[in-house]
Amino acid sequence: MYLCKVNIIDEIEVNFMARDIQLKERWDYLVEKLSGKFSDGDPLELDAIIYLIGVQELGQYHKKYKKDDKLDLMHIAICRLLEPYGFYEFSFFDEDGWPHYNVMEELPSLKAGEQTVLMKEAIVTYFVEKEFIQ
């Protein structure tokens, strides 16, 4: 019976590793594709991609944004990205067209690496849903 438990644990670890490999491959491909479109091939960092998602969600592409607006755009993106996980729920668009979200569940305390993995996973899922990548 102990041998059976070890095999199940090994199988679970293999599934997580396979998922991590797929996430890394999709993430690398996404960064390359977005970098080619928006930064002349210089690799975009996570924050830049979150900012792009905020602009996409707002839909006001040709506007110049101030520093505070850029932080708000990143907040919009984070809310949108974490909505499928149950942390946020879309509420309404204000008179300027900015989306607003309600907090549904507080984010758990995560280590920096765990936060990064969660955001990368959410971003990859977002761009798969948008059919930008497969």
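This text follows the structure it describes.
Description of the structure in this document. What you are looking at is a predicted structure, and each value in this text was computed from that prediction instead of being measured.

## Structural notes on unusual backbone geometry
Phi is positive for E131, which is not a glycine, with a value near 60°. Turning to its location among the elements, E131 is positioned in the segment after α4 (112-129). When its relative accessible area of 72% is taken as the criterion, E131 is described as exposed.

## What to know about helix α3 (residues 67-82)
With 16 residues, α3 extends 23 Å between its outermost C-alpha atoms, agreeing within 8% with the 22 Å of an ideal straight helix rising 1.5 Å per residue. Within α3, the full set of buried residues consists of D69, L73, M74, I76, A77, C79, R80, L81 and L82. Where α3 is buried, its residues meet α2 (46-58), β1 (88-93), β2 (99-103) and α4.

## So, the pattern of salt bridges
Counted under the stated rule, the structure contains 4 salt bridges. Taking the shortest distance from any N to any O, the salt bridge between D28 and K24 comes out at 2.7 Å. Of the two residues, D28 and K24 are both situated in helix α1 (residues 2-38); the distance of 4 residues between them amounts to about one turn of the helix. Overall, the relative accessible area of 38% leaves D28 in the partly exposed class. One salt bridge in this structure joins K130 and E57, with 3.9 Å as the shortest N-O distance. Of this pair, K130 sits in the segment after α4 while E57 is found in helix α2, placing the two residues 73 residues apart along the sequence.

The rules we used
- Residues numbered from 1 in each chain as written.
- Predicted model: local features only at pLDDT ≥ 70, side-chain atom pairs only at ≥ 80, totals over all residues.
- Heavy atoms only, no water.
- Helix = DSSP H or I, 4+ residues; strand = E, 2+ residues; numbered from the N terminus.
- Buried < 20%, exposed > 50% of the residue type's maximum accessible area, 1.4 Å probe, protein only.
- Expected span 1.5 Å × (residues − 1).
- Contact = heavy atoms within 4.5 Å.
- Salt bridge = Lys/Arg side-chain N within 4 Å of Asp/Glu carboxyl O.

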